[in-house]
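Chain by chain, the residues run as shown.
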Amino acid sequence: MTVPVFEEYEPAIDCTCAGCAVQRRTAARAVAVRYGGHPAAHGARRALVLATAAGVVLSCGATGAAAAAGPTAGVPRADEEPDPVPATPQGETGPLKGGGASGPPSDNAVLAKTTRAEIINRAKKWVAAKVPYSMEKYWSDGYRQDCSGYVSMAWNLGTNEWTGSLANYATRIARADLQPGDMLLFHNPADPSKGSHVTIFGGWTDYRRTHYIAYEQARPQTRKQSTPMAYWNNSDRYIAYRYKGLSAGNPGSGSGTAFPGAGQFGPGANNAHVTRLGEMLVERGGKRFYEIGPGPVWSAADRRATQAFQQAQGWKGAEADGIPGPDTWRLLTTGTGRDIPPAATGGSPNTSVAFPGRGYFQPGQSNSHVDRLGRQLVKKGYGKHYVSGPDPRWTEADRRNVEAFQRAQGWRGSAADGYPGPETWRRLFA
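This one's a predicted model, so the numbers in the text were calculated from it and none came from an experiment. (Residues numbered from 1 in each chain as written. Predicted model: local features only at pLDDT ≥ 70, side-chain atom pairs only at ≥ 80, totals over all residues. Heavy atoms only, no water.)

Helix and strand counts for the protein stand at 11 helices and 8 strands. Counting across all 430 residues of the protein, residues that qualify as buried make up 42%. Taking all contacts inside the protein whose residues are at least 6 apart in sequence as the whole, residues at least 24 apart take part in 57%. Accessible surface, the protein as shown: approximately 21,900 Å² in total, 54% of it carbon and sulfur. (Helix = DSSP H or I, 4+ residues; strand = E, 2+ residues; numbered from the N terminus. Buried < 20%, exposed > 50% of the residue type's maximum accessible area, 1.4 Å probe, protein only. Contact = heavy atoms within 4.5 Å. Areas by Shrake-Rupley, 256 points an atom, 1.4 Å probe, with all protein chains shown as cover.)

Set out below in structure tokens:
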């Protein structure tokens, strides 16, 4: 009877199959074991372990091949201790599911052109779909469901990149120059599993530029939220980048971001810009204002929807007259600013409470806005600091209740100082 011969094999450092993953992990954990024999055997063993360790980082970026392979039926674990899971794990560089190229672009590569509005709109699709976080799974559009796969999708790269390769598609910029669609990237080359992460910049939330809207893929699902500049941790290590294929759009196509001029809107206007305005307003929550949909002829529906969008930004008076200006157009075309809130139950579409201004909420102030604020805080469950109930006079109890509400939103520092701003007001009365 012939005895079968079993041969040892070296796992390929770029193979992500479960067998190679286990073999690499077993070899890496054996580095502390003492071996006898010829010194050459020691050198060969050490070379294998070093190659194995390098393969874990190079093939899977943040988490290693073992995490990429995942648990597989019939393949035993090398030990019973679970692998550590980093805060922001990510998958390896790779093609879209089903094919495509991968890796950094060549010097003469032609990157897909896109606009800032298109980047933000793609980012919003995952937010609306509540795409679950995963560094192994792919969404229906072919992009990996982790932080770098999300940016790859928003930038329309056609490949799934990771934090170690995304910068190849971008130009470094100053944080002060950030605009919607740019990215904030932290890649830790020494150990990608420790903190490496990337977000899409969606616009500033305050004039002091201490917070911005971040679109990001994180556990448990895609999210859009106010985030301290540049991130909750490792803030000083995040670098701002701008996609090299960014295009301003073709103004003649209706997809550009340049404001066409106030003369294109208002009574008597009949042009493609009016249609474009209506379509953008519908996307931002203004559908209820249109009975038959946006069209090229200016109507009362266009004015009311525009005014609702302007009021959602906290504007009032001449700033919310229902006629789009450069600022209104910029927020709409870049997908930034606040969406039109839903109509109040039993009310008209324009019953949302506009933010009256910061000057009404200061020591010594007494007005109906303070009283309205206090009653809404109590209604929302943030009135514990009132002794005798809210009234028109601004007090320390008002400030402490507002602070409690702001902290409940996840805000810290100057964003939770107890003095209401437009965003605090919007969330209270939403």
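The structure having been displayed, the exposition proceeds.
Spatial strand order, β3-β8-β4-β5-β6-β7: 6 strands in an open sheet with antiparallel pairing. Each edge of the open sheet carries a strand with a single partner, namely β3 (170-173) and β7 (222-228). Here the average twist between neighbouring strands, direction ignored, is 40°. Helix α5 (residues 147-154) rests against β4 (183-186), β5 (197-204), β6 (211-217) and β7 of the sheet, and its axis sits at about 50° to β5. (Pairing = 2+ DSSP bridges. Axes fitted to C-alpha atoms, helices over the stretch in contact; angles between N-to-C directions.)

All told, the structure shown has 12 salt bridges when counted by the stated rule. For R426, the salt bridge goes to E423, with nearest N and O atoms at 2.8 Å. Of this pair, R426 and E423 both sit in helix α11 (residues 422-429), 3 residues apart, which is roughly one turn of that helix. Accessibility expressed as a relative area gives 17% for E423, which makes it buried. Linked through salt bridges whose partners overlap, the residues forming this network are R338, E423, R426 and R427. (Salt bridge = Lys/Arg side-chain N within 4 Å of Asp/Glu carboxyl O.)

With that settled, the discussion passes to the environment of Y133. Positionally, Y133 belongs in the loop between α4 (116-129) and α5. Here Y133 falls in the buried class, since its relative accessible area comes to 16%. As a C-alpha pair, Y133 and Q221 span 88 residues in sequence and 5.0 Å in three-dimensional space.

Tallying each qualifying case throughout the model produces 17 aromatic pairs. Measuring from centroid to centroid gives 5.8 Å for W394 and Y419, while their planes differ by 20°, and the two rings are stacked. Taken together, the residues span a long stretch of sequence, with W394 in the loop between α9 (368-380) and α10 (396-408) and Y419 in the loop between α10 and α11 at a distance of 25 residues. Overall, the relative accessible area of 27% leaves Y419 in the partly exposed class. One aromatic cluster in this structure is built from F355, F361, W394, Y419, W425 and F429. (Phe/Tyr/Trp six-rings, centres within 6.5 Å; stacked < 30°, edge-to-face > 60°.)

Here the residue pair R219 and P220 is connected by a cis peptide bond, since its omega of 0° sits within 30 degrees of zero. If you trace the backbone, P220 turns up in the loop between β6 and β7. A cis amide bond links M229 to the next residue, A230, at an omega of 5°. Among the structural elements, A230 can be located in the loop between β7 and β8 (239-243). Positive phi outside glycine occurs at N156, with the angle close to 60°. Within the element layout of this structure, N156 appears in the loop between α5 and β2 (159-160).

What follows deals with the side chain of K124. Tracing the backbone shows K124 in helix α4. Buried and unpaired, K124 has no salt bridge, with D339 as the nearest side chain of opposite charge at 4.2 Å. Contact partners of K124, with chain neighbours within four places excluded, come to Y215, K224, R284, G335 and D339. (Lys, Arg positive; Asp, Glu negative; His and termini not counted.)

On to helix α6 (residues 272-286), then. Taking 1.5 Å as the rise per residue, α6 with 15 residues should run 21 Å; its terminal C-alpha atoms sit only 18 Å apart, a clear shortfall. Looking at α6, one finds that the buried residues are V274, T275, R276, L277, G278, M280, L281, R284 and G286. Here the buried face of α6 lies against α4, α7 (300-312) and α8 (326-334). One side-chain oxygen at the N-terminal end of α6 lies 2.9 Å from the backbone nitrogen of H273; it belongs to N271. (Expected span 1.5 Å × (residues − 1). Polar contact = N/O pair within 3.5 Å; in protein donor to acceptor, adjacent residues only side chain to side chain.)

Okay, α7 next. Every α-helix winds through 3.6 residues per turn, so residues three or four apart in the chain are directed the same way. In this model α7 runs 18 Å from its N-terminal to its C-terminal C-alpha over 13 residues, within 8% of the 18 Å that 1.5 Å per residue would give. The inward-facing, buried residues of α7 abut α6, α8 and α11. At the C-terminal side of α7, G314 shows a positive phi close to 90°.

With that out of the way, let us pick up the confidence of the model for the protein. Confidence in the prediction for the protein averages 76 pLDDT; 70% of positions are at 70 or higher. Confidence drops under pLDDT 50 across residues 98-103; counting only partners more than four residues distant or on other chains, this segment forms 10 contacts. Low confidence marks residues 249-256, where pLDDT is under 50. Its contacts with residues over four positions away, or in another chain, come to 8 contacts. (pLDDT = per-residue confidence, 0-100.)

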